[in-house]
Amino acid sequence: MTRMIRIFDTTLRDGEQCPGASMNVEQKLAVARQLARLNVDVIEAGFAISSPGDFEAVQRISREIRGGPIVCSLARAVDKDVDRAWEALREAERPRIHTFISTSDIHLKHQFRMTREQAMERAVEMVKRARNYVEDVEFSPMDASRSDPEYLFRVIEAVIDAGAGTVNIPDTVGYAVPDEFGALIRGIVEKVPNAHKAVISVHCHNDLGLAVANSIAAIVNGAGQVECTINGIGERAGNASMEEIVMALRTRKDVLGADTRIVTEEIYPASRLVSTITGMVVQPNKAIVGANAFAHESGIHQDGLLKEKSTYEIMTPQSVGVVKSHLVLGKHSGRHAFRDRLEKMGYRLSDEEVNKAFERFKHLADQKKEVYEEDLEAIVAEEVTRIPEAFVLKSLFVKSGTEQKPTASISLEIHGKREDREESGDGPVDATYRTIAALTGTKSNLESYVVSAITGGTDAQGEVTVRVHEGGRTVIGQGADTDIIVASAKAYLNALNKLDHFKKHRKPSGEAQKGLEHV
Ligand code: KIV
Ligand code: ZN
């Protein structure tokens, strides 16, 4: 019989802990709506106490998501965290509080400065506290895979007795290997006397590239829930990738004996949405959602495919929602059709946002005959999810060529005042970036610069993604335009605007957001 495995998506919590991947509330709502379309079982919407933005995201997702997934907030095993999680979740139809504390001696000694018995007591106390608020409580013994199994089993038994309906076993530092991790889960299922009263879940990190393999080994050995993220984004090397787990189960349920309720056709749109919003570009050879995942280059393979698809295709691109880029709108499309299309893509925008995005679309449709869904994603990412801008690009003029030192003349509106400057550089992008740096006086460091074409053809929009670092914070900036120098300027300014915004609003950095130092 096929077992149904619960999919617990933590893109909005652990996924957001990726350096630079932070999302604003509107962006998180768009992702939550797409997760609901995917039919995930649980959305971990954030870590309510970690920042006002996280609180608001959990609250708004709780309000909006109806008739589908459980909405969950993370909480350290501390009174105020559990209380805050409940405040954010109050309006959820199906709320879950997820509380955690470490059980490994390494963490208890060096980070938590607690004895094993103190940690166990705290875990039980906080599960009971959470149960006073909600029926559905999940507990995670952090760093479980490096914990003494005998002690871990006692903690699991105690939290289940205290009312935890799900016990999640994290491989926090991505240290486990599949046979070992599978055996740990089997040990829990067989040796913890009340294990059958809870769902055993797993949460694997990808430091050794084994997160998906470990999750599958756990499922085979009795886990009933897996925690994962879209595109595998997350802390350090990331979390187990949802699309890989889901498609492995779907494609090989003959041997794995398990499946999920995921609407797999929504996988690719979810991947695009998360990648566009976070600026985390998906590597071309990434399984399931990479640009090459269904591209067959070898002549022998192409020959086989033409004769019979199953020769070289173990799943169809359509089954994961990869459809040929289709033309969505043209120059004469109206505002209504435009809004309708954005809604189908998962963006629900205010009138003002639709107007701004529509203006951009019209401008693009003038430059480019055909506007594809990917072009709209770029417009939305840039125009709609924009934070208030301290630096606005007014004009850009670049001279460059074989006989010419590249020079950029740029006009910016800086905090409402127009300023102009001209600088030269090693190439047109370098000249542009030097000029912007001089105008804004930024002390930041440009860590990476990636340019890609959004669709095919020489009139395609170029999409530029930059990673910029300043004062312990990394941000990702994005810009798109049919002119890649303009796209480059927009991406850099987008990153500088984010840094400026964070400075003013003091949103904690990824590490501080985790807030582990105050457990
Ligand atoms: O990796 C981890 O241990 C976590 C827990 C908070 C579940 O993210
Ligand atoms: Zn994690």
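What you see is a predicted model; the values in this text were computed from it and never measured.

(A) Here's a closer look at the packing of aromatic side chains. Tallied over the entire structure, the rule returns seven aromatic pairs. Their ring planes at 40° and their centres at 5.9 Å tell us that phenylalanine 358 and phenylalanine 361 sit as a pair that is tilted. Remark: phenylalanine 361 and phenylalanine 358 occur in helix α14 (residues 351-367); sequence separation between them is three residues, near one turn of the helix. Linked through ring pairs, Phe338, Phe358 and Phe361 together constitute an aromatic cluster.

(B) Representation of the sheet that holds strand β18 (residues 473-481) within the structure. In space, the three strands of this open sheet follow the order β16-β17-β18, with antiparallel pairing throughout. Edge positions in the open sheet fall to β16 (445-453) and β18, since each of these has one partner strand only. Averaged over all adjacent pairs, the angle separating strand axes in this sheet is 15°, with direction ignored. Pairing between β16 and strand β17 (residues 462-470): eight bridges, direction antiparallel.

(C) The confidence of the model for the protein chain, seen in detail. Looking at the protein chain as a whole, its pLDDT mean stands at 90, while 94% of the residues score no less than 70. Throughout residues 507-519 the model reports pLDDT below 50, and contacts reaching past four residues in sequence, or to other chains, amount to 31 contacts.

(D) Structural context of the domain arrangement of the protein chain. Considered domain by domain, the protein chain is made up of domain 1 (3-278), domain 2 (294-321), domain 3 (325-383) and domain 4 (391-504). The straight-line distance from the C-alpha centre of domain 2 to that of domain 3 is 32 Å.

(E) Structural detail: the site of ligand 1. Taken together, Arg13, Asp14, His98, Phe100, Ser140, Met142, Asn168, Pro170, Thr172, His203 and His205 are the residues near ligand 1. At a separation of 3.1 Å, an oxygen atom of ligand 1 approaches a polar side-chain atom of aspartate 14. Between an oxygen atom of ligand 1 and a side-chain N or O atom of threonine 172, the distance comes to 2.6 Å. Protein burial of ligand 1: of its 260 Å² of free accessible surface, 97% is covered by the chains. The class makeup of the residues in the shell around ligand 1 is three nonpolar, six polar and two charged.

So, how was this worked out
Along every chain, residues carry numbers that run from 1 in the direction the sequence is written. Chains carry letters and ligands carry numbers; both start at the beginning, A for chains and 1 for ligands, and go up in the order they are written. In keeping with the predicted nature of the model, local features appear solely for residues at pLDDT of at least 70, side-chain atom pairs appear and are counted solely at 80 or more, and the whole-chain, interface and lining totals rest on all residues. Heavy atoms throughout the structure, all of them, feed into the side-chain values; hydrogens and water do not. Side-chain rings of Phe, Tyr and Trp (the six-membered ring for Trp) are treated as a pair once their centres are within 6.5 Å; stacked means planes under 30 degrees apart, edge-to-face means over 60, and tilted covers the remaining angles. Comment: elements are numbered from the N terminus, with helices defined as DSSP H or I runs of at least four residues and strands as E runs of at least two. When DSSP finds two or more bridges between two strands, those strands count as paired. Interaxial angles span 0 to 180 degrees and are taken between N-to-C directions of axes, which are lines fitted to C-alpha atoms, for helices over the stretch in contact. Looking at any residue, its pLDDT shows the predictor's confidence there, from 0 to 100. Every residue pair with non-hydrogen atoms within 4.5 Å of one another is taken to be in contact. These domain limits were set by an automatic method or by a database of domain assignments. Think of it this way: one heavy atom of a residue within 4 Å of a molecule or strand is enough to make that residue near it. Identification of polar contacts relies on pairs of N or O atoms within 3.5 Å, with a donor-acceptor requirement for protein atoms, meaning one able to donate a hydrogen and the other able to accept it, and with residues adjacent in sequence counted only if both atoms are side-chain atoms. All accessible-area figures derive from a Shrake-Rupley calculation using a 1.4 Å probe, and residue coverage is judged against the displayed protein chains alone. Three categories are distinguished: nonpolar for Ala, Val, Leu, Ile, Met, Phe, Trp, Tyr, Cys and Pro, charged for Asp, Glu, Lys and Arg, and polar for the others, with Gly belonging to the last.

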